[in-house]
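One letter stands for each residue in the lines below.
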Amino acid sequence: MFWVLLLLLAWGFAGFACTRLCLAAGRAGTAERAAATADDRHDLTLYEAAFLSGGPARVADLAMVRMARQRRLLLAHTGWATVVNPRGHDEMERFVIAAIGPEGQSRIAPVRTAAARSEAIRHLGDRLERAGLAVPAGAGTDVASAVRLVRAATPAVLVLAATALLLPSDTELSSLMVGLWFLLPLLLTLGFLVIAHFELRPYTRWASPAGQLLLGTLTARRERDDDDDFGDGADRDGNESGFLTSLATRGIRALAEPELRAAFNHRDQPWRE
């Protein structure tokens, strides 16, 4: 009856993997339902769009480039940032100026890294997470890892079944019947993989499915978004609005100015787009 022990192992692998997938999908679904009921009319600001598209580093990029476009910060192609006007228009800009230091000049890479870890961006992420627009800590990775676990359990069941069939038979059951018993946990894992493929919505690193939907409609409302988070100093020109929206959603690859692109090419490798 050694094959029964192998069958129990197969059920253990399949049951554990499928249970973990159910729990992870349930947590992700709770966050998505909270977004639909609590904040279904949320209008993204550009800082929020930048966070959902590229995380804290993208928000820091947006703040620095916006200051540079308004001639309040110089971003040299050599990778240096120089403060022209030390008065920031919002909390994020003030943190950028503080990160540059009292001398008013610093390399862009450390300023960007420090700004990405600021309290302002941390509060922004917490607010988006409470609204169900940002991926809760571990939610997207939990679902992805659970799916990978189910995928790993499928060949494990097959290996156990093959082992049971190849071992000398110590039972009156035929090989066909033994194989049919192992077919049940195999069908369980395959069924969960099919359901996950059609029912579980993909998560990006930063934006939940609800956040992705709002990002998809950002371009149509970009004139309103500029006024939400940038304060009285926001540039309301349509072309500038479109430029900042592209930067927020696509990152520095959306920059058309060669000098600006060269300035950010000097940043640290871990933050590279």
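This text goes with the structure placed above it.
Thresholds applied
- Residues numbered from 1 in each chain as written.
- Predicted model: local features only at pLDDT ≥ 70, side-chain atom pairs only at ≥ 80, totals over all residues.
- Heavy atoms only, no water.
- Helix = DSSP H or I, 4+ residues; strand = E, 2+ residues; numbered from the N terminus.
- Buried < 20%, exposed > 50% of the residue type's maximum accessible area, 1.4 Å probe, protein only.
- Salt bridge = Lys/Arg side-chain N within 4 Å of Asp/Glu carboxyl O.
- Contact = heavy atoms within 4.5 Å.
- Axes fitted to C-alpha atoms, helices over the stretch in contact; angles between N-to-C directions.
- Parallel < 35°, antiparallel > 145°, perpendicular 65-115°, else oblique.
- Nonpolar A, V, L, I, M, F, W, Y, C, P; charged D, E, K, R; others polar.
- Pairing = 2+ DSSP bridges.

### Examining the overall build of the protein chain
Here's step 1: Tallying secondary structure elements over the protein chain gives 12 helices and three strands in all.
Here's step 2: Each of the 273 residues in the protein chain was classed as buried or not, and the buried ones make up 44%.

### Points about the pattern of salt bridges
Here's step 1: Across all of its chains, the model carries five salt bridges by this definition.
Here's step 2: Note that Glu-119 and Arg-122 form a salt bridge whose closest N and O atoms lie 2.3 Å from each other. Taken as a pair, Glu-119 and Arg-122 lie in helix 6 (residues 119-130) at a separation of three residues, close to a single helical turn.
Here's step 3: Residues participating in the shared-partner salt-bridge network are Arg-66, Arg-72 and Glu-93.

### Quick notes on the environment of Gly-88
Here's step 1: With respect to the element layout, Gly-88 can be found in the loop between strand 2 (80-83) and helix 4 (91-100).
Here's step 2: The buried category is assigned to Gly-88, whose relative accessible area is 16%.
Here's step 3: Between the C-alpha atom of Gly-88 and that of Ala-63, which follows or precedes it by 25 residues, the distance is 9.8 Å.
Here's step 4: Here Gly-88 is in contact with Arg-72, Glu-93, Arg-94 and Ile-97, once residues within four sequence places are set aside.

### Digging into the packing of helix 3 (residues 56-69) against helix 4
Here's step 1: Here helix 3 crosses helix 4 at 85°, and the two axes come no closer than 10 Å. Taken as axis vectors, helix 3 and helix 4 run roughly perpendicular relative to one another. For the pair helix 3 and helix 4, contact is made by Val-59, Ala-63, Met-64, Arg-66 and Met-67 and by Met-92, Glu-93, Val-96 and Ile-97, respectively.
Here's step 2: The residue makeup of the contact of helix 3 with helix 4, split by class, is seven nonpolar, no polar and two charged.

### Brief notes about the sheet that holds strand 1 (residues 73-75)
Here's step 1: With antiparallel pairing, three strands are arranged side by side in an open sheet as 1-2-3. Each end of this open sheet is capped by a strand with a single partner; those strands are strand 1 and strand 3 (105-107). Strand after strand, the sheet turns through a mean of 20° between neighbouring axes, direction not considered.
Here's step 2: The pairing of strand 1 with strand 2 spans three bridges and is antiparallel. Residue pairing across strands places Leu-73 opposite Val-83, the latter belonging to strand 2.

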